[in-house]
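Next come the chains, spelled out residue by residue.
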Amino acid sequence: TGTQPINLGAASDDANGSTFDLSKASIEGITADTIQIGSDTVTGNIALAGDLTLSSSLDLRTQGFVSAAGQTISLSNKDLRINATGVVDTGSVAAGLGNIVVASGDEATVSGAVAGSNISISSTDVDITGTITAAADGIVTLAPSDNSAVEIAGTGSGSTFDVSAVELGQITSGGLVVGTT
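*Asks:* Explain the sheet that holds strand E18 (residues 131-134) here, please?
*Replies:* Hydrogen bonds between backbone atoms are what pair the strands of a sheet, whose relative direction is either parallel or antiparallel. Spatially, E6-E9-E12-E15-E18-E22 is the arrangement adopted by the six strands of the open sheet, whose pairing is parallel. The open sheet is flanked by strand E6 (52-54) and strand E22 (171-172), the only strands paired with a single partner. Of the pairings in the sheet, the one linking strand E15 (residues 113-116) to E18 comprises four bridges and is parallel in character. Within E18, the residue paired with Ala115 across the bridge is Thr133.

Okay, here's the thing in C-alpha cells:
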C-alpha cells in the first residue's frame, strides 16, 4: 500500500484511496501461521479500528506509527511482533503463552493490559499507563532502541530511557531487564 494508512478490524474491507481497510471478518478469517501486515520499507501507518481475535501470530511492520489505543488484540497462544520507526501504542494484548516483541524507533506506549509469556519493548522511551504481565517464568525486557542513558525509578529528564517507580509497579513477571543485556 506504499504510504497509504492501514486500518485493521474495520467494519468492512475498503481501499478507497485514502486508507486501506482490512475488516475484522477478513483478518480473523486468515488461517496462516503468521499474518504480516505492512513492510519495513513502507511509511503507511497502521491503526487498529476494532478488537481482533486471531488464531495466528501477528507481525505489524511500518516506517510509520502503529496504534492499537483503546483496542484489544487477542492471540491464541501466538506471538505479536510490532516493528515501527514511529510511535507505537500497544493497546491491550492477550497473547497467552505467545511472546510479544515491540520495536519502535520512537516512543512505545503500553496503554492497556499487555500479557504474554515473554515481553520485550525496545524504543527511545517507554510510557506504561496500562499493565505488563509476563508468565511466572517469563521475562519483561525494556531497552532503549538508541544510545540513550537508562533511568530507573526516577522522574525522567526527557533525554533518557526512563522507567518510573509507578511504571515498575505496573509490571508483573518472573524477571525484569531494564537496559540492554
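Back to the text.
*Asks:* Teacher, can you tell me more about the side chain of Asp59 here?
*Replies:* Along the chain, Asp59 falls in strand E7 (residues 57-62). For Asp59, a relative accessible area of 8% gives the class buried.

*Asks:* Could you clarify how one ought to interpret the pattern of salt bridges in this entry?
*Replies:* Pairing is possible between side chains that carry opposite charge, provided their charged atoms lie close to one another. The tally for this structure, following the rule as stated, stands at four salt bridges. Between Glu28 and Lys24 there is a salt bridge; the shortest N-O distance is 2.8 Å. With a gap of four residues between them, Glu28 and Lys24 both fall in helix H1 (residues 24-28), about one helical turn apart. Lys24 gets classed as partly exposed once you look at its relative accessible area, which sits at 33%. Across the pair Asp33 and Lys78 runs a salt bridge whose closest N-O atoms are separated by 3.2 Å. Within this pair, whereas Asp33 is found in the loop between H1 and strand E4 (34-38), its partner Lys78 is found in the loop between strand E9 (72-75) and strand E10 (80-84), the two being separated by 45 residues in sequence. Under the relative-accessibility criterion, Asp33 is labelled exposed at 53%.

*Asks:* Help me understand the pairing of strand E21 (residues 160-163), please; the structure alone is not making it clear to me.
*Replies:* Here is the key point about a regular strand: its side chains alternate between the two faces of the sheet. A two-sided burial pattern is seen for E21, the buried positions comprising Thr160 and Asp162 on one face and Phe161 and Val163 on the other. Bridging between strand E20 (residues 149-152) and E21 involves four bridges; their strand directions are parallel. Bridge pairing in E21 links Glu151 to Asp162.

*Asks:* Please clarify how the environment of Gly175 should be interpreted in this entry.
*Replies:* Structurally, the position occupied by Gly175 is in strand E23 (residues 175-178). Gly175 sits in the buried class, given a relative accessible area of 15%. Expressed as a C-alpha distance, the spacing of Gly175 and Ile37, which sit 138 residues apart in the sequence, is 31 Å. In contact with Gly175, other than residues within four places in its own chain, are Gly138, Ile139 and Val140.

The rules we used
Numbering of residues starts from 1 in every chain and runs along the sequence as written. Note on the predicted model: pLDDT of at least 70 is required for a residue's local features to be given, and 80 or more for side-chain atom pairs to be given and counted; whole-chain, interface and lining totals, by contrast, use all residues. Water and hydrogen atoms were dropped before computing side-chain values, which therefore reflect all heavy atoms in the structure. For two strands to be treated as a pair, DSSP must find at least two bridges joining them. Each helix is a run of DSSP H or I of at least 4 residues and each strand a run of E of at least 2, with the numbering of both proceeding from the N terminus. A simple rule labels every residue: compare its accessible area, found with a 1.4 Å probe on the protein chains alone, to the largest value its type can have, and call it buried under 20%, exposed over 50%, or partly exposed in between. In what follows, salt bridge is the name for a side-chain nitrogen of Lys or Arg lying within 4 Å of a carboxyl oxygen of Asp or Glu. Contacts are assigned to residue pairs that have any heavy atoms within 4.5 Å of one another.

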